[in-house]
Amino acid sequence: MSTDFLFPKIADCSYVSCYCEENVWKLCEQVKRTRPEELGKCYAVFVSNEGRTVPLWRQKAGRGDDQVVIWDYHVFFMHNPLPNRCLVFDLDTTLPFPTYFHKYVTETFRSDLALRPEHHRFFRVIPADTYLIEFSSDRRHMRRPDGSWIKPPPSYPPILSNTNTHCLGDFICMSAGKGPGSVYSLSEFVQNFYKSAHVMAQQNN
């Protein structure tokens, strides 16, 4: 794997546990600042479903040998510089940072075939430049009824857009036609972003 990555060291990335949507926003911001020519090839990817119960494997917060956890949603960063080269940057995975798309999807999501329908994963893929402009969160979802924090927030101020103070739900929602970006099933997500060298050779013939 080439060492020409957008984020050479995971330790240099902004990270706060349980605030994956903000961690990814910060990655997008970093690309805009340091590698603006690559921003159009980058995406924020939300994973969830209607019941907000999505199993993911190889997660730092996971349990057992497979490190599986069920999240209400998760967010990771994706860089797709070439048709047959797509990298995933997930600050919460135990896989390498970054990991090639096919390896990441295979080990993190496995297959929906062995899961109950209510656990099937859906993906909202948002261009990074759109995410930087439209995402907004006042962090209300991380507060208890008494106002205390479920998990400590980042030290920097909340990320607020010019038009909204909190639209996180629009990004987590997996209803097609609602919210920014495009929504895919797991199989559709793979079909759109995984292009092997063999497939590319066939398409070029």
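Procedures and definitions
Residues numbered from 1 in each chain as written. Predicted model: local features only at pLDDT ≥ 70, side-chain atom pairs only at ≥ 80, totals over all residues. Heavy atoms only, no water. UniProt positions renumbered as here; feature names shortened; annotations may be inferred. Helix = DSSP H or I, 4+ residues; strand = E, 2+ residues; numbered from the N terminus. Contact = heavy atoms within 4.5 Å. Core = buried A, V, L, I, M, F, W, Y, C linked by side-chain atoms within 4.5 Å. Buried < 20%, exposed > 50% of the residue type's maximum accessible area, 1.4 Å probe, protein only.

- For the protein, UniProt supplies the name Protein N-terminal glutamine amidohydrolase and the organism Drosophila grimshawi.
- The record in UniProt for the protein states the following under Catalytic activity: "N-terminal L-glutaminyl-[protein] + H2O = N-terminal L-glutamyl-[protein] + NH4(+)".

**A look at the environment of G62**
Okay, step 1: Topologically, G62 is positioned in the loop between strand 2 (54-56) and strand 3 (69-71).
Okay, step 2: Separated by 16 residues in the primary sequence, G62 and F46 place their C-alpha atoms 18 Å from one another.
Okay, step 3: Excluding its chain neighbours within four sequence positions, the residues that come into contact with G62 are Q67, V68 and V69.

**A look at the nonpolar core**
Okay, step 1: Residues F7, F46, F77 and Y131 are the most contacted members of the largest nonpolar core, which totals 33 residues.
Okay, step 2: For this core, the secondary-structure elements that each account for two or more residues are helix 1 (20-34), strand 1 (42-48), strand 4 (74-82), strand 5 (85-89), helix 3 (128-134) and helix 4 (168-172).
Okay, step 3: Sorting elements by how many residues they give to this core places helix 1 first, with 6 residues.
Okay, step 4: In this structure, F76, V125, Y184 and F193 belong to the second largest nonpolar core, which totals 20 residues.

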